[in-house]
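# Coordinate analysis (summary)
Here is how the chains run, residue by residue.
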Amino acid sequence: MPSLPAPLSGFVTTFVTMFKKPTTEQYPEQRDQYPPAPRFHGRHQLNRHPDGLEKCVGCELCAWACPADAIYVEGADNTEAERFSPGERYGRVYQINYLRCIFCGLCIEACPTRALTMTHEYELADSDRGRLIYEKEQLLAPLLPGMLPPPHPMVPGTDEQDYYAGRVTTAVPEQEVTVAPQ
Amino acid sequence: MTALASGPAGPSAGEPEALVTAVIDDVAVRVPVNTLIIRAAELLGTWIPRFCDHPLLDPVAACRQCLVQIDGMPKPQPACAIGLTDGMVVRTQATSAVAAEAQAGVMEFLLINHPLDCPVCDKGGECPLQNQAMSSGRPTSRFTEPKRTFPKPLALSSQVLLDRERCVSCARCTRFSDQIAGDPFIDLLERGSAQQVGIGDGVPFDSYFSGNTIQICPVGALTSTSYRFRSRPFDLVSTPTVCEHCAAGCALRTDLRRGQVMRRLAWEDPAVNEEWNCDKGRFAFTYISHERITEPLIRDREGVLQRASWSEAIAHAARLLAPALEHGRSAVLTGGRLTWEDACAYGRFARTVLGTDDVDFRNRPASAAEAEFLRSHVAAAPLGPTYDEICEAPLVMVVATDLEDECPILLLRLRAAVRRGSTQVAEISPVATGAQRKLSATRVNATAGQEGAVLAALNAFPAGTVIILGERAATVPGLFEAVGARIAAGARVAWLPRRAGERGALAAGLLPGLLPGGRPLLDPAARAEVGRAWGVDPSLLPTAPGRDAAGITEAAAAGELDALIVAGVDTRDAPDPHALRAALAGAGVLISLEQRHTEVTAQADVVLPVAAVTEKAGTFLDFEGRARPFPAADRQSGALTDARVLALLADEIGRPMGAQTVAAVRAEQVGLGRWQAGSATRSAPPPRAGRPAAVTGAQDAGRLRLATWHTLLDAGVLQRPEPGLAGTQRPAVVRLAAATATRLNLTAGSPCTVRTEHGAITLPLVITEMDEATVWLPTNSPGSAVRTALRAAHGDEVTVEAGHAPVVSS
Ligand code: SF4
Ligand code: SF4
Ligand code: SF4
Ligand code: SF4
Ligand code: FES
């Protein structure tokens, strides 16, 4: 087969490409069209029980599991006056340092209460190191309908076992009255 | 293998130990007869799983986790309770499927009712049950029924919490309380699966040693309120340290998380505290990070303390000190809490920079007789009598101290010795105490202040007797003479100060007329040695003994001192706090080296912040004279030691004393050593007549002698803020004998007032077995500030009456 002159043959790929469908993703203009894979490891989230109490018990198992030493947790006692989670213990301080995190997900596997999961959020760039240490408030899941912001008591007549067994499904009015004005 | 700790079942010391040959896992061992299988296996490197076994407690075989196979026995046997005999053939889980199966079975039983608490359990990460469930348990659970639960946690005291479902019924805590501490307030209750640890209704776990049960509990059933949920083992940076509270010198482990002390544990030192400590040493550490002074402060023209840089503050202090340096009219007062290195620096600063011998570490009732005794019998003494020697003495005579309140670890060591029968204890005391009960001690009654006369009147002691002489001996007339006579007759004396730094301050020469290593200031040879070590011309050192604390206080109040340097002094500890306050106000210049704001810093012209015990390396000398060096637990704080601050000041003044780092002071002092010359050269001022007049026995109705000492847990500054610990304080009460109470028409529980011309203290009365001419008060407990309110010391005369009294303003 007669070959094209060398200067032209170099343009064959260019010419062919002109008739192919482009694969450019219009990020960030059309980011919604390109969701990450279902099991993508994005920013962490600290989940809530259906009545809004926090699931984290401040056990530090996530921090222990973390190979990058990215998590810092301090536990504390729930009191009758100030309850953040069912049971005795909650996470008073919770920080994840996204300068260190390698999104391996080992912390998620370690969490005994499913408090910690990962979202699909990946836009975590910043120009300030301090702002890349996320605090508990930034990591907590949003309040869905039926949830009350802690601190507030458990649903009357239940204990933490009921929460873990899924027998609490929503906040009740008795919890509402005690919510302190924010 | 003779170094083996054979435990209580082993042969007692002194007898030749019979050796036996046995076989464990096909390996022959030769060990003393009755060595426990579990100990012998440790020597071979085989770890038999265990919960209830503890080398310092009698075996009970309560948990059954240590089952092993023994040839000739039909069933597996507990290795922690069976001693080896000749020819015994033992197989552990390493070589026996039967043993391994038995252990796995026991573990399955233990876990049946064990909660899934690990994420919220303080023991998680350092839990023997977690570890042994992994090594000896089944991989999966066959138990699907609901678990037994209890309401939790149960507060045994304000400091100790119990989660009953985590308990494995090992009885370590109850055996410790019963066998070691002698406070059997907790016990195993109920039987079978309802078995639980508990306390009697309304009887709190009232023990100064309760923290040890938390430490030896092999699971997270016992936890402390102060450490609950605070951190995980991997957060902690651990450093072996030494307790800064009393003169027992306990080895501790200090655990820090991000520069904050999270907890302290008793650490192992067989020669001193074995594996125990007291609750004060364990829990009283929050003061370290509480309301600290972090920057130097200078008083401005308006009289307000202002923050300053170090160079500014040091320069200012040096300027203020100039007139004092010219006339040598200055003094140094230190409390009993300094490390030995810091005390050495104060001694050197006083003698070479200030040119004064007015130094004293005794911010408490003291006397010239005591100073003379310390100079001649303690300051230059070598190590001893040691704990071990005291525990082997034929008779231990306790005088003027309450061991439970003032040296709790000596109490535990002596109690163990009494239980083994190696010693017996007698105590000269006006009050029958818990310490005497725990030691099965004979109490020789003495009205407060008459202990000296009683000691002198006793029969000769057996050879090798050890006399333990406490802090309040200082105000007992004639006691040191009586002790001197006993020493001449062959007895040994252990001087038991109340604070960790007192023996070190004495060795450092923080007493008038005393140079480091017990050297007498009046001896030119001693001055020459010290001058050489300090690199100064000995002729520049003071040649005449200076004033003691009382003299310094008096002189300062009278305006005779140009400068006063005060370190770690709590005014409430002084024999007369009002007089000390007057002295602080009367001194020309007051320089305070302190960790937090006190009445001293409130008056000081310059305040120089110094390092707390976790932030520096140092050494305490315990009451034996044993050096207890420790490294800095917190190496990041940057706080300066007292010695470094004094060195900066000395440099600024132009009379440098070197860098005064811990290493430099140690090297300087080791080079100097103890004073070796005979006692003939030991010349000091003749003892002045002691302050209290001779006691003449029982007086008219309400006139009684005051017996008083600090209870272990009281209103001391280093115990704040720690509400859990404060909750275990023994309530402050007045104690009287039944006959005295009847005579004064007082009934138990009713308010009772103790008064002097300066003031009064009213507390509920407790009838106690005690001397009838004596009344007892705690020295510094909430509601009972004896020195502030009464300005009285042990042995002084007070008036006792019924009911509340209008407080006489002082
Ligand atoms: S995802 Fe991995 S690296 Fe990131 S916090 Fe979790 S355990 Fe640490
Ligand atoms: S997120 Fe989960 S693993 Fe981490 S502390 Fe909270 S409960 Fe424990
Ligand atoms: S005692 Fe040990 S095994 Fe039991 S809950 Fe606590 S950490 Fe887990
Ligand atoms: S509380 Fe702890 S030490 Fe006491 S018996 Fe239970 S497991 Fe043993
Ligand atoms: S360790 Fe032997 S029975 Fe508990």
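Everything numeric in this text was worked out from a predicted model, so none of it was measured.

### Some thoughts on the overall build of chain A
Each helix and strand counted, chain A has seven helices and five strands in total. For chain A, the N- to C-terminal ordering of α and β elements is α-α-β-α-β-β-α-β-β-α-α-α. Taken against the 2.2 N^0.38 rule, which gives 16 Å for 182 residues, the C-alpha radius of gyration of chain A at 24 Å runs more than 25% over that of a compact globule. Taking the principal axes of its C-alpha atoms as reference, chain A extends roughly 90 × 35 × 30 Å. Buried residues in chain A amount to 26% of all 182 residues. Looking at chain A alone, contacts between residues at least 24 apart form 73% of all its contacts between residues at least 6 apart.

### Points about the overall build of chain B
Helix and strand counts for chain B stand at 25 helices and 37 strands. In summary, chain B has a C-alpha radius of gyration of 28 Å against a globular reference of 28 Å for 810 residues, a match within 12%. In terms of overall dimensions, chain B has a C-alpha envelope of 85 × 65 × 55 Å along the principal axes. Taking all 810 residues of chain B together, 55% fall into the buried category. Taking the contacts inside chain B whose residues are at least 6 apart along the sequence as the reference set, 72% of them involve residues at least 24 apart.

### Topic: the packing of helix α2 (residues 97-112) of chain B against helix α3 (residues 128-136) of chain B
Residue and element names in this part refer to chain B. At a minimum axis distance of 10 Å, the contact between α2 and α3 shows a crossing angle of 135°. It follows from the interaxial angle that α2 and α3 lie oblique. The interaxial crossing formed by α2 with α3 has left-handed handedness. Here Gln103, Ala104, Met107 and Leu111 of α2 lie close against α3, whose contacting residues are Gln132, Ala133 and Ser136. Here the residues of the contact of α2 with α3 are counted per class, giving four nonpolar, three polar and no charged.

### Topic: the site of ligand 3
In the vicinity of ligand 3 lie 13 residues, with Cys118, Cys121, Cys127, Val219 and Gly220 of chain B positioned nearest. Here the residues of the shell around ligand 3 sort into six nonpolar, four polar and three charged.

### Remarks on the site of ligand 2
Around ligand 2, the surrounding shell holds 15 residues, and the nearest of these are Cys56, Cys59, Cys62, Cys111 and Leu116 of chain A. Neighbouring residues of ligand 2 are distributed over chains A and B. Across the shell around ligand 2, the residue classes break down as 11 nonpolar, three polar and one charged.

### Quick look at the interface of chain B and chain A
Taken together, the six residues of chain B in the interface contact 13 residues of chain A. Its residues placed into classes, the side of chain B that touches chain A shows four nonpolar, no polar and two charged.

### Details of the pairing of strand β22 (residues 492-496) of chain B
Residue and element names in this part refer to chain B. Taken across its five residues, β22 has four buried, putting it largely inside the fold. For strand β21 (residues 466-470) and β22, the ladder comprises five bridges, and the chain directions are parallel. Within β22, the residue paired with Ile468 across the bridge is Ala494. Considered for its hand, the β-α-β crossover made up of β21, helix α15 (residues 479-488) and β22 is right-handed.

### Overview of the domain arrangement of chain B
Interfaces are often sized by the amount of accessible area the parts lose when they come together. You can read the domains of chain B as domain 1 (19-112), domain 2 (150-289), domain 3 (297-364 + 503-681), domain 4 (371-497) and domain 5 (703-802). For domain 1 of chain B versus domain 4 of chain B, the distance between C-alpha centres works out to 43 Å.

### What to know about the packing of helix α8 (residues 340-354) of chain B against helix α21 (residues 642-653) of chain B
Residues and elements named next belong to chain B. Direction vectors running N to C along α8 and α21 enclose 20°, while the axes themselves pass 8 Å from each other. Compared by their axis directions, α8 and α21 come out roughly parallel. Classified by chirality, the crossing of α21 by α8 is left-handed. Taken together, the residues of α21 that come into contact with α8 (itself represented by Glu341, Asp342, Ala345, Tyr346, Phe349 and Val353) are Asp642, Ala643, Leu646, Ala650 and Ile653. Of the residues belonging to the contact of α8 with α21, the class tally is eight nonpolar, no polar and three charged.

### Regarding the sheet that holds strand β1 (residues 19-24) of chain B
Residue and element names in this part refer to chain B. The strand order across the open sheet formed by five strands is β2-β1-β5-β3-β4, and the pairing between neighbours is mixed. One side of each edge strand has no neighbouring strand; the edge strands of this open sheet are β2 (27-32) and β4 (77-78). Where β1 meets β2, six bridges bridge the pair, whose relative direction is antiparallel. In the strand pairing of β2, Leu19 is matched with Pro32. Contacts from α2 reach β3 (67-70) and β5 (89-91) within the one sheet, and its direction differs from that of β3 by about 155°.

### Re the sheet that holds strand β6 (residues 154-155) of chain B
Residue and element names in this part refer to chain B. The three strands are arranged β6-β7-β10 in an open sheet whose pairing can be described as antiparallel. In the strand order of this sheet, the two ends are held by β6 and β10 (222-224), each with one partner. Judged from the two bridges that link them, β6 and strand β7 (residues 160-162) form a sheet pairing that is antiparallel. Directly across from Leu154, in β7, lies its bridge partner Leu162.

### What to know about the pairing of strand β32 (residues 751-756) of chain B
Residue and element names in this part refer to chain B. Sheet topology places β32 next to strand β33 (residues 759-767); six bridges connect them, and they run antiparallel. Pairing of Arg755 across the sheet is with Ala760, part of β33. What sits between β32 and β33 in their antiparallel hairpin is a turn of two residues. Examined bridge by bridge, β32 and strand β37 (residues 797-802) share four bridges and lie antiparallel to one another. Residue pairing for β37: Arg755 is matched across the bridge by Thr799.

### Topic: helix α17 (residues 524-534) of chain B
Residues and elements named next belong to chain B. Residues of α17 that are buried: Ala526, Arg527, Glu529, Val530 and Trp534. The buried residues of α17 all sit within an arc of 160° when viewed along its axis, so they share a single face. For α17, the elements touching its buried residues are α8, β23 (514-515), β24 (519-520) and α22 (662-672).

### Let's talk about unusual backbone geometry
Trans is the prevailing form of peptide bonds, just as negative phi is the prevailing case for residues other than glycine. Pro153 of chain B follows Lys152 of chain B through a cis peptide bond whose omega is -15°. Mapped onto the fold, Pro153 of chain B is located in the loop between α3 and β6. At the junction of Arg720 of chain B and Pro721 of chain B, the peptide bond is cis and its omega measures out at -10° in the coordinates. The residue Pro721 of chain B is located in the loop between β30 (703-709) and α23 (723-726) in this model. The backbone phi angle of Arg114 of chain A is positive, close to 60°, even though this residue is not glycine. Checked against the element boundaries, Arg114 of chain A lands in the loop between α4 (106-110) and β4 (116-118). Owing to 11 C-beta atoms within 10 Å, Arg114 of chain A belongs among the exposed residues under this scheme.

### A short note on the environment of Cys407 of chain B
Residues and elements named next belong to chain B. In this fold, Cys407 is placed in the loop between α11 (403-406) and α12 (408-420). A count of 29 C-beta atoms within 10 Å places Cys407 in the buried class. Residues within four places of Cys407 in sequence aside, it is in contact with Cys246, Ala247, Ala248, Leu496 and Phe623.

### Brief notes about the confidence of the model for chain B
Residue and element names in this part refer to chain B. The share of residues in chain B with pLDDT of 70 or more is 94%, and the mean pLDDT across the chain is 91. The element-level mean pLDDT for chain B is lowest in strand β9 (residues 196-199), coming to 76, with strand β27 (residues 606-609) highest at 98. Per-residue pLDDT stays below 50 along residues 1-14; that stretch engages in 30 contacts with residues further than four places along the chain or on separate chains. For residues 679-699, every residue scores under 50 in pLDDT, and the model assigns this stretch 38 contacts once sequence neighbours within four places are set aside.

### Focus on α22 of chain B
All names here are of chain B. Among all positions in α22, only Val662, Val665 and Glu668 are buried. When α22 is viewed along its axis, its buried side chains cluster within an angular range of 135° and face the same direction. Exposed residues on α22 whose side chains face more than 90 degrees from its buried face are Ala663, Val670 and Gly671. Where the residues of α22 are buried, they touch α8, α17, β28 (618-621) and α21. Backbone geometry just downstream of α22 places Gly673 in the positive-phi region, at approximately 70°.

What counts and how
Note on numbering: residues in each chain are counted from 1, in written sequence order. Chain labels run from A onward and ligand labels from 1 onward, assigned in the order the entries are written. Local features in a predicted model are, by the rule used here, given only for residues with pLDDT of at least 70; side-chain atom pairs are given and counted only at 80 or more, and totals for whole chains, interfaces and linings are based on all residues. Comment: elements are numbered from the N terminus, with helices defined as DSSP H or I runs of at least four residues and strands as E runs of at least two. We take the radius of gyration over the C-alpha atoms and set the globule estimate at 2.2 Å times the residue count to the 0.38 power. For every residue, the other C-beta atoms within 10 Å of its own C-beta are counted; 20 or more classify it as buried, 12 or fewer as exposed, and values in between as partly exposed. C-beta atoms are placed from the backbone. Contact between two residues is assigned whenever their backbone-derived C-beta positions fall within 7 Å. To obtain each axis, a line is fitted to C-alpha atoms, and for helices this fit is confined to the stretch in contact; angles are then taken between N-to-C directions over 0 to 180 degrees. An angle below 35 degrees is read as roughly parallel, one above 145 as roughly antiparallel, one from 65 to 115 as roughly perpendicular, and any other as oblique. What makes a crossing left-handed is the near helix being turned counterclockwise from the far one by less than a right angle; a clockwise turn instead makes it right-handed. In the scheme used here, Gly and all other residues not listed as nonpolar or charged are polar, with Ala, Val, Leu, Ile, Met, Phe, Trp, Tyr, Cys and Pro taken as nonpolar and Asp, Glu, Lys and Arg as charged. For each residue, a C-beta atom is positioned from the backbone; the residue is called near a molecule or strand if that atom sits within 6 Å of it. Two strands qualify as a pair provided that DSSP identifies no fewer than 2 bridges between them. When the strands point away from the viewer, a crossover counts as right-handed if the route from the first strand across the helix to the second turns clockwise. What marks off one domain from the next here is an automatic or database domain assignment. Taking the helix axis as origin, the arc is that swept by the directions to the C-beta atoms. The quantity known as pLDDT measures the predictor's confidence residue by residue, on a range of 0 to 100.

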